[in-house]
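Single-letter residue listing:
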Amino acid sequence: MIMMEIRQLRCFVTCVEVGSFTAAAELLYTTQSSVSKTIHAMEHELQTELFERTGRGIRLTARGQELYNYAVNVLDTMEQIEQLAGKSPVRSLKVSVNPSSWMEAAFTEFYECAYQKGDYYEYFEGNVRDVIERVQKGQDDLGFIYLLKEQSASAQFLMRKYQLQFEPLKKIQLMLYGGKKIGQFPPADGELRLVQGSQTEVRPEDVLRLGALEGISLESPQTSVTTNSGSLLRHLLEHSDLWNLSSESLDGTYSGTEGILLEGKENEVVFGCVSRNEEQMGELEKEFIAYIKKKLNNSKKE
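Residues numbered from 1 in each chain as written. Predicted model: local features only at pLDDT ≥ 70, side-chain atom pairs only at ≥ 80, totals over all residues. Heavy atoms only, no water.

1. Things to note about the overall build of the chain
For step 1, the next point in the chain: When you go through the chain residue by residue, the secondary structure sums to ten helices and 13 strands.
For step 2, the next point in the chain: The contacts of the chain with a sequence gap of at least 6 include a subset with a gap of at least 24, amounting to 76%. (Helix = DSSP H or I, 4+ residues; strand = E, 2+ residues; numbered from the N terminus. Contact = heavy atoms within 4.5 Å.)

2. Examining the pairing of strand β1 (residues 51–54)
For step 1, the next point in the chain: Pairing geometry for β1 and strand β2 (residues 57–60), over four bridges, is antiparallel. In the strand pairing of β2, Arg-53 is matched with Ile-58.
For step 2, the next point in the chain: In textbook terms, the turn of a hairpin is the stretch between consecutive antiparallel strands, and for β1 and β2 this stretch comprises two residues. (Pairing = 2+ DSSP bridges.)

3. Focus on the nonpolar core
For step 1, the next point in the chain: In this structure, Leu-93, Leu-142, Phe-144, Phe-271, Phe-288 and Ile-292 are the most contacted members of the largest nonpolar core, which totals 35 residues.
For step 2, the next point in the chain: If you list the elements that add at least two residues to this core, you get β3 (92–97), α5 (101–114), β5 (142–148), β6 (165–178), β11 (243–247), β12 (258–262), β13 (268–275) and α10 (283–298).
For step 3, the next point in the chain: Counting residues in each nonpolar core, the second largest holds 19 residues, with Leu-9, Cys-11, Met-42 and Val-72 among its members. (Core = buried A, V, L, I, M, F, W, Y, C linked by side-chain atoms within 4.5 Å. Buried < 20%, exposed > 50% of the residue type's maximum accessible area, 1.4 Å probe, protein only.)

4. Comments concerning the side chain of Glu-285
For step 1, the next point in the chain: Tracing the chain through its elements places Glu-285 in helix α10.
For step 2, the next point in the chain: The side chain of Glu-285 sits in the buried core without any salt bridge; Arg-276 is the nearest counter-charge, 5.7 Å away.
For step 3, the next point in the chain: When neighbours within four sequence positions are excluded, Glu-285 is seen to be in contact with Leu-93, Asp-141 and Leu-142. (Lys, Arg positive; Asp, Glu negative; His and termini not counted. Salt bridge = Lys/Arg side-chain N within 4 Å of Asp/Glu carboxyl O.)

5. Quick notes on the state of the cysteines
Cysteine pairs can be covalently joined through their sulfur atoms, and such a bond is termed a disulfide.
For step 1, the next point in the chain: Summed over all chains, the structure comprises zero disulfides.
For step 2, the next point in the chain: Cys-11 supplies the cysteine sulfur nearest to Cys-15, a cysteine that is in no disulfide, at a spacing of 4.4 Å.
For step 3, the next point in the chain: Overall, Cys-15 belongs to the buried group, its relative accessible area being 0%. (Disulfide = S-S within 2.5 Å.)

6. As for the packing of helix α6 (residues 128–137) against helix α7 (residues 149–161)
For step 1, the next point in the chain: Contact geometry for α6 and α7: axes closest at 10 Å, N-to-C directions at 15 degrees. Overall, the two elements α6 and α7 adopt an arrangement that is roughly parallel. As α6 runs across α7, the sense of the crossing is right-handed. Packed against α6, whose contacting residues are Val-128, Arg-129 and Ile-132, the element α7 presents Gln-151, Ala-155, Leu-158 and Met-159 at the interface.
For step 2, the next point in the chain: Residue classes in the contact of α6 with α7 are distributed as five nonpolar, one polar and one charged. (Axes fitted to C-alpha atoms, helices over the stretch in contact; angles between N-to-C directions. Parallel < 35°, antiparallel > 145°, perpendicular 65-115°, else oblique. Left-handed = near helix turned anticlockwise from the far one by under 90°. Nonpolar A, V, L, I, M, F, W, Y, C, P; charged D, E, K, R; others polar.)

7. Notes on the pattern of salt bridges
For step 1, the next point in the chain: Scanning all chains against the criterion turns up twelve salt bridges.
For step 2, the next point in the chain: With its nearest N and O atoms 3.0 Å apart, the salt bridge here joins Glu-133 to Arg-129. You can see Glu-133 and its partner Arg-129 sitting in helix α6, four residues apart, about one turn around the helix.
For step 3, the next point in the chain: Residues joined in a network through salt bridges with shared partners are Arg-91, Asp-119, Glu-283 and Glu-287.

8. Section: the packing of aromatic side chains
For step 1, the next point in the chain: Across all of its chains, the model carries 14 aromatic pairs by this definition.
For step 2, the next point in the chain: Seen in terms of ring centroids, Phe-107 and Tyr-121 are 6.0 Å apart; in terms of plane orientation they differ by 90 degrees. Their pairing is edge-to-face. Taken together, the residues Phe-107 in helix α5 and Tyr-121 in strand β4 (residues 120–125) connect sequence positions 14 residues apart. Each member of the pair Phe-107 and Tyr-121 is classed as buried.
For step 3, the next point in the chain: Three or more aromatic residues joined by ring pairs make a cluster, and in this case those are Trp-102, Phe-107, Phe-110, Tyr-111, Tyr-115, Tyr-121, Tyr-123, Phe-144, Tyr-146, Phe-271, Phe-288 and Tyr-291. (Phe/Tyr/Trp six-rings, centres within 6.5 Å; stacked < 30°, edge-to-face > 60°.)

9. Some words on α5
For step 1, the next point in the chain: Compared with an ideal rise of 1.5 Å per residue, which puts 14 residues at 20 Å, α5 spans 20 Å between its outermost C-alpha atoms and is within 8% of the ideal.
For step 2, the next point in the chain: When we look at burial in α5, the residues that qualify are Trp-102, Met-103, Ala-106, Phe-107, Phe-110 and Ala-114. All buried residues of α5 lie within an arc of 130 degrees about the axis, which places them on one face of the element.
For step 3, the next point in the chain: Of the residues flanking the start of α5, the one acting as N-cap is Ser-100, its side-chain oxygen 3.4 Å from the backbone nitrogen of Trp-102. (Expected span 1.5 Å × (residues − 1). Arc of directions from axis to C-beta. Polar contact = N/O pair within 3.5 Å; in protein donor to acceptor, adjacent residues only side chain to side chain.)

10. Concerning the packing of helix α1 (residues 6–18) against helix α3 (residues 32–46)
For step 1, the next point in the chain: Following both chains from N to C, one finds α1 and α3 inclined at 110 degrees, their axes separated by 10 Å at the closest point. Of the possible angle classes, the one that applies to α1 and α3 is roughly perpendicular. Between α1 and α3, the residues in contact are Arg-7, Gln-8, Leu-9, Cys-11, Phe-12 and Cys-15 and Val-35, Thr-38, Ile-39, Ala-41 and Met-42, respectively.
For step 2, the next point in the chain: Counted by class, the contact of α1 with α3 contains eight nonpolar, two polar and one charged residues.

Below is the structure:
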């Protein structure tokens, strides 16, 4: 008979969501060795491997994915049972987003004005598919994504498959942001060098090849740096001559870097919210969506 403890399931789920034993240990306020022992004990009890250990971290096995799906449901159920057991209900807000400095600022502002004692918040960044799947699995309450024309059909299909709702919140355009050390545009050597975020679906070769911009052909932009770090991307724009192709800021401000708006229907981006069932939304979820809508409605281009 398998005797699985709730603490083991929490440890396992945390490992899956952060992608490493070391990072999980930090979140769980324990040691990497303790996390490894817990996972090893679970694998021994279940007589199966839950993770593949690679040089880049850990990856779920097929059986591990099955356990993860069950574990998330068990932990959600335990949270509900604890509330029924007489504990004070805990307000929580878990959101996942495509990388966005605007959303980072909005989340921070909301937390500062909405937080009450005992509230719990989570904020996760990922690509469009990551966000949709996290909402579908119940890992997050809400997801906020930027949909380009090329990816809209596949994303909409995925959301219909998972029976998720998508509410468009604002239409914006793609933007070519320039680093502070750029001397001129077009570049004297005719070469456009980019820094791109690995979690965004903007592919420069699909967008910039659509035409020429201010006399320079953009058919073959060179991606010189790819990173999953938003802070590094911003740092490079502050201190180099690289460019970045991403969406226009939701409030029309450009963080101190030069910006060239790529107008046209083909360069349109839809920013919107992914959710499961509006009727089942908690208090903080409803407040957060209302807050985001208010900020979008109040934002004006400078």
